Amino acid sequence: MRTNENEVHRDETAMRDKDRAMTRSVLWKLDVHVLPPLALLWLANFIDRTNIGNANIAGLPQSLQLHGDQFNTALAVFYASYVMVELPSNWILKKMKASRWLPFLVTIWGTVTTLSGLIQNFSGLIAIRFFLGLCEGGLLPGIMLYLSTIYKRHELQQRVGIFYASASLSGAFGGLLASAIEKMHGVGGLEGWRWIFILEGIATVLIALVSALILPADIGSAKFFTEEERSFALNRLHASNYLVASAPLSEPSQRITESTTGLEKSAEVKLEVQTTEQAVAVHQEDELFEWGEVMRGVRDPQVWMTSVSYGGIIISLYSFSLFLPTIVTGLGYSGETAQLHTVPPYVPAAFFTVLVAYISDRVKWRGPFILMFLPLTIAGYILIIAAKTNTQRYAAVFLIALGVYPCGPCILSILPNNSAGHYKKATTVALQLAISNCGGFIATFTYEASEAPNYIRGHSITLAFVIVAWVAMLCNVMYCLWENKARAEGRRQDNLIKYQELWDSGKTRAPIGDRHPDFRFTL
């Protein structure tokens, strides 16, 4: 008897060891084939979006004879078209395939960026910025939705952290590239700022074409997997989503909650087994578009709380990246020296972005890390407002970057973790970004040239929004705690009845998703 038990134990241990080895192999292959091209796409995105800040101190306003708020207006126009396309882009992502759609977007905006080097006046700048936003708006929501379809919930943020850290590094590369390219002033009869757009745009197109060759459309079609690995990868993803992918089978089907009507224990057990046998799963690759799922996303309270929070973060993030060259110039540096001094603040920010993302997946926290790190940004803005010397102001810039950049992957991972059902998740992810990116309008008018070199008003406005971001995130964390407690206490069992009625009436064929009372929100 003991021998049989030992054999069973050895078999179970061997099976667990094999599963762990297979999991490591699958994740390694996904990471190698997915993260580098996404990191390059996001790097290109951020460089292309911030190169206008570098062009600003390289002579663009003088060449185009800009005056007043015209430069800020050109920046704001970008966000007008940017937020317009985020939702529709995510709705069609599954049909178009992320491996084709995302590189296509990047190719188009790389072309538009290249054409930015040919503009001759304010009208041309406005037109180029509008089309640039139209092309770029779908990238980040698309990346987040794509990653959430190939990684499990709590494998996501460390992957987001890796490609998001490239945005931090892009701030460094943007300054270095601009510094080098600006020296081409006069080549071909073009000013240095024009070459910044032309060369970085061409590089973006090349990155997109390479990415299109590497990115897999989904796990099922990934050519780098063996048949065994592909089957294992699909099964582990489906197993992790089994609860939220469940749906009734019959028309009308047996009531899910019938086992709670006072039957004897034996009858309950029998019914639960029967329900399990009859349950079907609507996986993300099988789910069809429904406007009801879109409205579920729009009505989700977490969308609005995280959008307000991310909006405040974005105001800091965008104004920081767009105007850091101008801020550094105000600290007493100019020309190439100013470009090079924009590099160092991004280095610790990139390191902590990846570190926090790794720890966050381990402890399954998102919002609490934002509550920990945003106070660093708040302290940075207070210091830069109160600073009396250039050294103090430059030190404050490090604090601002160190606090705000690690928050990005945290807040971007909340809704992919807490939304289930493909089209609900597609909606929540894109809507969060569409709402929060409206902060770009505020960011572009926060720092005005007339306030140089201290920018007290700009820093004060940004500080206020960062504080609002912290409060909104606190509200979201408290909401998740409250909802998880209600589910643990059985106060959300009626979600099963409501969903059953929708299914029986033919109003939905989507899975139950995050409505399932056993689903728990990530803080």
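Above this note sits the structure.
Residues numbered from 1 in each chain as written. Predicted model: local features only at pLDDT ≥ 70, side-chain atom pairs only at ≥ 80, totals over all residues. Heavy atoms only, no water.

Q: Is there a simple way to think about the nonpolar core in this case?
A: Most often, soluble globular proteins have nonpolar side chains that are buried together. L102, L147 and Y405 are the most contacted members of the largest nonpolar core, which has 111 residues in total. No other element matches helix α1 (residues 2–56), which puts 13 residues into this core. Once you skip the residues sitting within four places of it in the chain, L102 turns out to touch L38, L41, L93, G138, L139, G142, I143 and Y146. Of all hydrophobic cores here, the second largest spans eight residues; its members include M305, A420, Y479 and F519. (Core = buried A, V, L, I, M, F, W, Y, C linked by side-chain atoms within 4.5 Å. Buried < 20%, exposed > 50% of the residue type's maximum accessible area, 1.4 Å probe, protein only. Helix = DSSP H or I, 4+ residues; strand = E, 2+ residues; numbered from the N terminus. Contact = heavy atoms within 4.5 Å.)

Q: Would you take a moment to explain the pattern of salt bridges for this structure?
A: Close approach of charged atoms lets side chains of opposite charge pair. Inspection of every chain in the model, using the stated rule, returns 17 salt bridges. Here K424 and D300 are joined by a salt bridge, their closest N and O atoms 2.9 Å apart. Remark: D300 occurs in the loop between α13 (291–299) and α14 (301–330) and K424 occurs in helix α20 (residues 422–436); sequence separation between them is 124 residues. Close ionic contact of R492 with E483 constitutes a salt bridge, the shortest N to O distance being 2.9 Å. With respect to burial, R492 and E483 carry one shared label: buried. By sharing partners, the salt bridges in this structure join E293, R296, D300, K424, D514 and R515 into a single network. (Salt bridge = Lys/Arg side-chain N within 4 Å of Asp/Glu carboxyl O.)

Q: What should I look at first to understand unusual backbone geometry in this one?
A: Glycine aside, residues mostly have negative phi angles, and peptide bonds mostly take the trans form. Positive phi values are uncommon outside glycine, yet K97 reaches one of about 75°. In this structure, K97 sits in the loop between α4 (86–96) and α5 (98–116). Even without being a glycine, K364 presents a positive backbone phi close to 60°. Structurally, K364 is set in the loop between α16 (346–363) and α17 (367–386).

Q: Even after reading the chapter, I still don't get the environment of E228, so can you show me in this structure?
A: Within the secondary structure layout, E228 lies in helix α10 (residues 227–240). Taking the C-alpha atoms as reference points, E228 and M22, 206 residues apart in sequence, are found 9.2 Å from one another. Leaving out residues up to four positions away in the same chain, E228 has contacts with K18 and M22.

Q: Can you walk me through the packing of aromatic side chains in this structure?
A: Ring pairs (aromatic) are described by centroid distance and by the angle formed between their planes. Applying the stated criterion to the full structure yields 21 aromatic pairs. Between the aromatic rings of Y79 and Y82, the centroid separation amounts to 6.3 Å while the plane-to-plane angle is 65°, which identifies the pairing as edge-to-face. Of the two residues, Y79 and Y82 both sit in helix α3 (residues 70–84), three residues apart, roughly one turn of that helix. Between Y479 and W482, the aromatic rings sit 5.9 Å apart at their centres with planes inclined by 45°, giving tilted as the arrangement. (Phe/Tyr/Trp six-rings, centres within 6.5 Å; stacked < 30°, edge-to-face > 60°.)

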